[in-house]
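These are the residues of each chain, in order.
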Amino acid sequence: MYINGIGNISPQNTYDQTMGEGLVASENAFFVCQEPQYKQFIQKKLLRRMSRAVRMGLAVAHKALEEAKNPAIDGIITGTAWGCVKDTEKFLETIIENNEQYLTPTAFVQSTHNTVAGQIALMHHNNCYNMTYVQGAVSFESALIDASLLFMDGKAKNVLVAGIDEQTDRLKILLKRLSCAQGNHPMGEGAACFVLSDQNKENSYAKITAVNMLYRPKDKDIVKNSILREIKNAGLELADIDVVMSGNTDASLEQNLIPDAQVVAYKKLCGEYPTSTAFAMAVGAKVIHGDANTKIALGINNANPENILIYNQHQNINHSIIILSKV
Amino acid sequence: MAKRIFITGTGIISSIGKNLTETLDNIKTSNSGVDKIQYLKTIHNPNIPLCEVKFSNRELAKMAYGNTERKASRTSLLGIIAAQEAWRTAGSPELGDGRTGVFSGNTVGGMDLTELFYADFMQDELAGDIKTMLTHECAESTERIADSLGATGMVSTISTACSSSANTIMLGARMIKHGLLDRAIVGGVDSLTKFTVNGFNVLQILDHQYSQPFDQNRRGLNLGEGAGFIVLESEDTAKPESILAELVGYANSNDAYHQTASSPDGTGAYLAMKGAIETAGITPDKIDYVNVHGTGTNNNDLSEGFAMQRIFDEKIPKFSSTKAFTGHTLGASGGIEAVFSVVALQKGIIYPNLRFETPIEDLGGKMIPETQLLENQNLNYILSNSFGFGGNTSSLVFKAFKDS
């Protein structure tokens, strides 16, 4: 699968450029997205009713499509663990406050996890394949695997794949109480969207040569062997991996497994959130495509990295492996 | 080489039974699950009837974990019970390291517990048992199901509103077809919550009486809860004696018309049905029975009816909505109705569309569902429809498995 277009809204300045020069740090253990001006592509009256998750989703889809020169899209697949949090809270709070009376449907209809994918279809009048994955830290990976199946089925030339999660003030309180948000381990949010294609174009950023996920692996050897298998399936040797973009606080497994690769921590730019690997894939693809600012932001030393492994795991329950390679 | 996909196990829990046997007994006696509210704490009792699973959380915990004290969301409990039945009836096949997928469809996750927590939390941001929030996400029930089976392969959750579990069936089939998995347990679960009841109520699509799908005088839907799972296996690993039916067609589309309403001409529904029949490699006239989405809302039944007329022209196959029995179980409905489709093929039965009286005028007065249980039917192909908010539409085609 080739990455032919990217839209990335993140805590860094990544929407209108590849990566802003001044990097933003987290505040009080949270990263918050830098959002673009939406009214350039979403009608004002629609915009008013849309939550940030939906706005961000539509904006990154718009950008990814524009970069890919607006090809016909054969699939719209999103991944989100938290879903449309704001609208869910809004409806739930009104139910409780008003004792199930005097409700309005807007928040409810926009609270469903498939709202972003549905709105993208609606906005682009597209009846194509449409799917939403909600599998915690591997929601985005599920979407990528589904896209690869569409290509295998010969059902698609271009597929839109996105990973979206939004923070809210209430969610921040909950995450603090769950001890998730710590000074040295801030929480974040983001939306990243990709036009994936079976065709290598002159504007291709990189290709995805492996995607896999593991659930509750019994021991570390299973994880290591899975990473090795994905490297092999990608047609690579261990030594071909130049950089590991790790989402883990303890990156010893990946560093020991691939000692010659430089291991960098991508969450220092976006924080912890379930679809953070979508951010990692967006910036990783730009690095492979030769973007200097992104390379500096991530602290990558290698002049021309050709193969990047993205490895992330959540509480040793969900593990994700993605490999990006130079086109 | 694409692999054939066989169904080797079924599991179901809904307002008409905690397993397949009870479910079929209630179908035979036309005993619908719609009733006045017994379990959900809501001010809408007794004005809105629901299709509740007739057990308390403690009783469900006993069935799922053998322990009434076990804390879990109602969603997880229902999911485990149906998934365990599906797995058991498939002969509890070897999990095969990482070769078994667990895919579940779900819309509100552990919202039943979140609602309780949130009432405290809104009073005081430090109040309530914060661990409750760990059961909030949709994926939680899927992971509890995977854990109850000991599965360590690909585990994923789909949330495309009311078509969620039909889409998990499609995902499982495609993973197996390409040899990425040997088998998958697929389907979905949802439990009733104040959140959904009030959401559908404020959309004014709930029937305050017993619903009448595909009837001229239909008033809306009855919400239900439950879970339905089937076990899909590759032709390479399925034991011939375990095979119940074959999954031959599937398609997913988007209506792209409105966030909640279906398009008047049923574009999404038409594309899903057409795609599923094409994937099956058959012509529409081969379909013997359609298990329609048939929610009982004005909008859905009309738009689905138009789409069926476009697909089948004058020759509409036998059809019925089993939601008159189970209510609309949202994320679970595609899984529950897949179980109904597989059992119909196995036993040669067609389910009655309870309470149907008058055909819909705008559909030419000619779309008349089956109103009696039909037995000894020679069924080869069944089409099952699942449509949802966000324009998501999916259809599946099941084929009878005959030894000859």
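On a predicted model such as this, the values are computed, not experimentally measured, just so you know. (Residues numbered from 1 in each chain as written. Chains lettered and ligands numbered in written order. Predicted model: local features only at pLDDT ≥ 70, side-chain atom pairs only at ≥ 80, totals over all residues. Heavy atoms only, no water.)

S.K.: Please clarify how the overall build of chain B should be interpreted in this entry.
M.R.: Looking only at helices and strands, chain B features 11 helices and 10 strands. Computed over C-alpha atoms, the radius of gyration of chain B comes to 20 Å, within 12% of the 22 Å expected from 2.2 N^0.38 for 404 residues, which places it in the range of a compact globule. Projected onto its principal axes, the C-alpha positions of chain B cover 60 × 50 × 40 Å. The buried share among the 404 residues of chain B stands at 66%. The contacts of chain B with a sequence gap of at least 6 include a subset with a gap of at least 24, amounting to 76%. Accessible surface for chain B amounts to roughly 13600 Å². Of this, 46% is attributable to carbon and sulfur atoms. The averaged location of the 45 negative side-chain charges in chain B is 3 Å from the averaged location of its 34 positive side-chain charges. (Helix = DSSP H or I, 4+ residues; strand = E, 2+ residues; numbered from the N terminus. Rg over C-alpha atoms; globule rule 2.2 N^0.38 Å. Buried < 20%, exposed > 50% of the residue type's maximum accessible area, 1.4 Å probe, protein only. Contact = heavy atoms within 4.5 Å. Areas by Shrake-Rupley, 256 points an atom, 1.4 Å probe, with all protein chains shown as cover. Lys, Arg positive; Asp, Glu negative; His and termini not counted. Charge placed at Lys NZ, Arg CZ, Asp CG, Glu CD.)

S.K.: Just checking my understanding: could you explain the overall build of chain A for this structure?
M.R.: Secondary structure assignment for chain A yields 12 helices and 10 strands. A compact globule built from 327 residues should have a C-alpha radius of gyration of about 20 Å, and chain A, at 19 Å, falls within 12% of that. Based on the C-alpha atoms only, the size of chain A along its principal axes is roughly 65 × 45 × 40 Å. Put simply, chain A has 327 residues, and 64% of those count as buried. Carbon and sulfur atoms make up 46% of the accessible area of chain A, which totals about 12100 Å². A distance of 4 Å separates the average location of the 30 positive side-chain charges in chain A from that of its 33 negative side-chain charges.

S.K.: Sorry if this is basic, but what is going on with unusual backbone geometry here?
M.R.: Both trends apply: most residues other than glycine have a negative phi, and most peptide bonds are in trans. Geometrically, the link from Asn45 of chain B to Pro46 of chain B is a cis peptide bond, its omega value of 10 degrees lying close to zero. Secondary-structure assignment places Pro46 of chain B in the loop between α1 (20–28) and α2 (57–65). Of note in the backbone geometry, Arg216 of chain A takes a positive phi value of approximately 40 degrees without being a glycine. Relative to the helices and strands, Arg216 of chain A resides in the loop between β6 (206–215) and α8 (220–233). One non-glycine residue, Asn376 of chain B, lies in the positive phi region at around 55 degrees. If you trace the backbone, Asn376 of chain B turns up in the loop between α11 (333–347) and β9 (381–387). Taking relative accessible area as the criterion, Asn376 of chain B reaches 77% and is therefore assigned exposed.

S.K.: Could you clarify how one ought to interpret the interface of chain A and chain B in this entry?
M.R.: Where the parts come together, the accessible area they lose is often given as the size of the interface. Of the residues lining the interface, 58 residues belong to chain A; the matching set on chain B comes to 71 residues. When chain A packs against chain B, close to 5400 Å² is buried across both sides, 62% of that on carbon and sulfur atoms. The largest per-residue losses of area from chain A upon contact with chain B belong to Glu100, Arg177 and Tyr215 of chain A, which jointly make up 15% of the total buried on that side. Taken together, chain A and chain B are joined by four salt bridges. One salt bridge in this structure joins Asp147 of chain B and Arg216 of chain A, with 2.9 Å as the shortest N-O distance. Linking chain A with chain B are 30 residue pairs in polar contact (both at pLDDT 80 or more), by the criterion used here. (Buried area = accessible area lost by both parts, 1.4 Å probe. Salt bridge = Lys/Arg side-chain N within 4 Å of Asp/Glu carboxyl O. Polar contact = N/O pair within 3.5 Å; in protein donor to acceptor, adjacent residues only side chain to side chain.)

S.K.: Sorry if this is basic, but what is going on with helix α7 (residues 194–202) of chain B here?
M.R.: An α-helix turns once per 3.6 residues; consequently, residues spaced three or four apart project the same way. Counting buried positions along α7 of chain B yields seven of nine residues, so the element is predominantly enclosed. Within α7 of chain B the residues assigned to the buried category are Phe195, Thr196, Val197, Asn198, Gly199, Phe200 and Val202 of chain B. Residues of α7 of chain B that are buried make contact with α3 (85–97) and α4 (105–109) of chain A together with α4 (111–123) of chain B. In the stretch just after α7 of chain B, Gln204 of chain B is the one whose phi turns positive, near 60 degrees.

S.K.: When you look at the pattern of salt bridges in this model, what are you seeing that I'm missing?
M.R.: It is possible for side chains bearing opposite charge to pair when their charged atoms get close. Evaluated as defined, the whole model comprises 25 salt bridges over all chains. Linking Asp236 of chain B and Lys3 of chain B is a salt bridge whose minimum nitrogen-to-oxygen distance equals 2.9 Å. Taken together, the residues Asp236 of chain B in the loop between β5 (226–234) and β6 (245–254) and Lys3 of chain B in the segment before β1 (5–13) connect sequence positions 233 residues apart. Put simply, Glu225 of chain B and Arg74 of chain B hold a salt bridge, and the shortest N to O gap is 2.8 Å. With Glu225 of chain B in the loop between α7 and β5 and Arg74 of chain B in helix α3 (residues 74–89), this pair connects stretches of sequence that are 151 residues apart. When salt bridges that share partners are traced, they join Asp146 and Asp153 of chain A together with Arg174 and Lys177 of chain B into one network.

S.K.: Just to check I follow, could you spell out the environment of Lys295 of chain A for this structure?
M.R.: Residues and elements named next belong to chain A. Tracing the sequence through the fold places Lys295 in helix α12 (residues 292–298). Of the residues examined, Lys295 reaches a relative accessible area of 17% and is grouped as buried. Considering only alpha carbons, one finds Lys295 and Ile6, 289 residues apart in sequence, at a separation of 17 Å. Excluding anything up to four places from it in sequence, Lys295 contacts Val287, Ile300, Asn302, Ala303 and Pro305.

S.K.: Hey, could you run me through the state of the cysteines in this one?
M.R.: One way to say it: the disulfide is the covalent bond shared by the sulfur atoms of two cysteines. Scanning the model with the defined rule gives zero disulfides over all chains in all. As a non-bridged cysteine, Cys270 of chain A has Cys33 of chain A as the owner of its nearest cysteine sulfur, 9.1 Å distant. The thiol of Cys162 of chain B is not disulfide-bonded; the next cysteine sulfur, from Cys138 of chain B, is found 13 Å away. In this structure Cys162 of chain B comes out as buried when scored by relative accessible area, which is 5%. (Disulfide = S-S within 2.5 Å.)

S.K.: So what exactly am I meant to see when it comes to the side chain of Ser262 of chain B here?
M.R.: With respect to the helices, strands and loops of the structure, Ser262 of chain B is situated in the loop between β6 and α8 (267–279). If sequence neighbours within four positions are ignored, Ser262 of chain B has contacts with Asp255, Tyr257, Asn299, Asn300 and Ser303 of chain B.

S.K.: I would appreciate a short explanation of the pairing of strand β10 (residues 318–325) of chain A in the present structure.
M.R.: Regular strands place side chains that alternate from one sheet face to the opposite one. Residues and elements named next belong to chain A. The element β10 is largely enclosed, with a buried count of eight among its eight residues. Residues of β10 alternate between two faces, with Asn318, Ser320, Ile322 and Leu324 on one and His319, Ile321, Ile323 and Ser325 on the opposite face, all of them buried. Where β6 meets β10, eight bridges bridge the pair, whose relative direction is antiparallel. Across the sheet, Leu214 pairs through a bridge with His319, a residue of β10. Bridge count for strand β9 (residues 307–314) against β10 is eight bridges, and the pairing is antiparallel. From the neighbouring strand, Tyr311 faces β10, where its bridge partner is Ile321. (Pairing = 2+ DSSP bridges.)

S.K.: Could you clarify how one ought to interpret the domain arrangement of chain A in this entry?
M.R.: Residue and element names in this part refer to chain A. When its domains are assigned, chain A resolves into domain 1 (2–197) and domain 2 (206–325). Taken together, the contact pairs 39 residues of domain 1 with 34 residues of domain 2. Summed over both sides, the interface between domain 1 and domain 2 buries roughly 3000 Å², with carbon and sulfur atoms accounting for 68% of that surface. Along the contact surface separating domain 1 from domain 2 lie zero salt bridges. Across the contact surface, domain 1 and domain 2 share 10 residue pairs in polar contact (both at pLDDT 80 or more). (Domains from an automatic or database assignment.)

S.K.: I'm lost on the packing of aromatic side chains in this one. Help?
M.R.: Think of a pair of aromatic rings as described by two things: how far the centres are apart, and how the planes are tilted against each other in angle. In total, this model carries 13 aromatic pairs over all chains according to the counting rule given. Cation over ring: Lys63 of chain A sits above Tyr15 of chain A, and NZ or CZ is 5.0 Å from the ring centre. Over the face of the ring belonging to Tyr270 of chain B we find Arg310 of chain B, whose NZ or CZ atom lies 3.8 Å from the ring centre. (Phe/Tyr/Trp six-rings, centres within 6.5 Å; stacked < 30°, edge-to-face > 60°. Lys NZ or Arg CZ within 6 Å of the ring centre and 35° of its normal.)

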